[in-house]
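# Observations on the model geometry
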Amino acid sequence: MLEVVHEHIIRGREVVADDWRVLRLEEGEAAEAVVVPESKVIVPLTVWLAQKETLSSRAELGVWIAADERFEALKGEADRFAVIAVDFPKFSDGRGYSIAYNVRKRLGYTGELRAIGDVLRDQLFSMSRVGFNAYATRQDRSIHDALKGLTVFSETYQASVDQPLPLFRRAERDAKPEHTDIGAGI
């Protein structure tokens, strides 16, 4: 079943029109038997693996990875997709963060990495840190309000995909720190 098209998504740091559709299998539907429409569609990883010979000739194709699937299945093929999406079945499921980080770092994917599913404003900053650059937020929430989630912090301490150096490596320091005698005058 094709999911309703999100009219808009966040790409980069702006709200833009979205013309991609997400294909989700119905309960009991076989990945080999599903018909993939001839539009911009993001297919489940299981469909890609089952129909690779047929789908590999398509230029405008994306793939999405479920939280319980292995990103390594795309090794050597990631760059052929216009979009790789990672599904968040519920906002409290953090497995998608690890998948995104590994798609960027281990697979070297540089294209659009989209968060789909139960995606909320509070997650966007952390999602951007691990490599997401597009977000299909929940349709029952304001996408313009969610956009603010990307700018909740002005600085980060830890290294990640978006900033390879931790803050202590980026901060300039005096060559010789001043020491004060804390016990003086007592």
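Residues numbered from 1 in each chain as written. Predicted model: local features only at pLDDT ≥ 70, side-chain atom pairs only at ≥ 80, totals over all residues. Heavy atoms only, no water.

## What to know about the environment of Ile-116
What counts is decided by this rule: We count a stretch as a helix when DSSP gives it H or I for four or more residues in a row; a strand needs E for two or more, and each element gets its number in order from the N terminus. By definition in these notes, contact holds between two residues if any of their heavy atoms fall within 4.5 Å.
With respect to the helices and strands, the residue Ile-116 is situated in strand 7 (residues 112-117). With 31 residues separating them in the primary sequence, Ile-116 and Ala-85 have C-alpha atoms 6.5 Å apart. With residues up to four places along the chain from it excluded, the contact list for Ile-116 reads Val-22, Arg-24, Trp-64, Ala-85, Val-86, Asp-87, Phe-88 and Ala-136.

## Description of the sheet that holds strand 3 (residues 21-22)
Note the threshold: Two strands are said to pair when DSSP picks up at least two bridges between them. Where helices are involved, their axes are fitted lines through C-alpha atoms of the stretch in contact, as for all axes, and angles between N-to-C directions lie from 0 to 180°.
The strand order 2-1-8-7-6-5-4-3 describes an open sheet built from eight strands, whose pairing is mixed. Of all strands in the sheet, those with a lone pairing partner are strand 2 (14-17) and strand 3, marking the two edges. Taken strand by strand, helix 3 (residues 95-105) contacts strand 5 (61-65), strand 6 (83-88) and strand 7, and its axis lies near 160 degrees from that of strand 6.

## Here's the deal with the pattern of salt bridges
Selection rule: In what follows, salt bridge is the name for a side-chain nitrogen of Lys or Arg lying within 4 Å of a carboxyl oxygen of Asp or Glu.
Evaluation of the coordinates by the stated rule reveals 15 salt bridges. Here Asp-118 and Arg-138 are joined by a salt bridge, their closest N and O atoms 2.9 Å apart. Here the residue Asp-118 occupies a position in the loop between strand 7 and helix 4 (121-129), and Arg-138 occupies one in the loop between strand 8 (134-135) and helix 5 (143-147), the gap between them amounting to 20 residues. Linking Asp-145 and Lys-148 is a salt bridge whose minimum nitrogen-to-oxygen distance equals 3.9 Å. When salt bridges that share partners are traced, they join Arg-11, Asp-18, Glu-112 and Arg-114 into one network.

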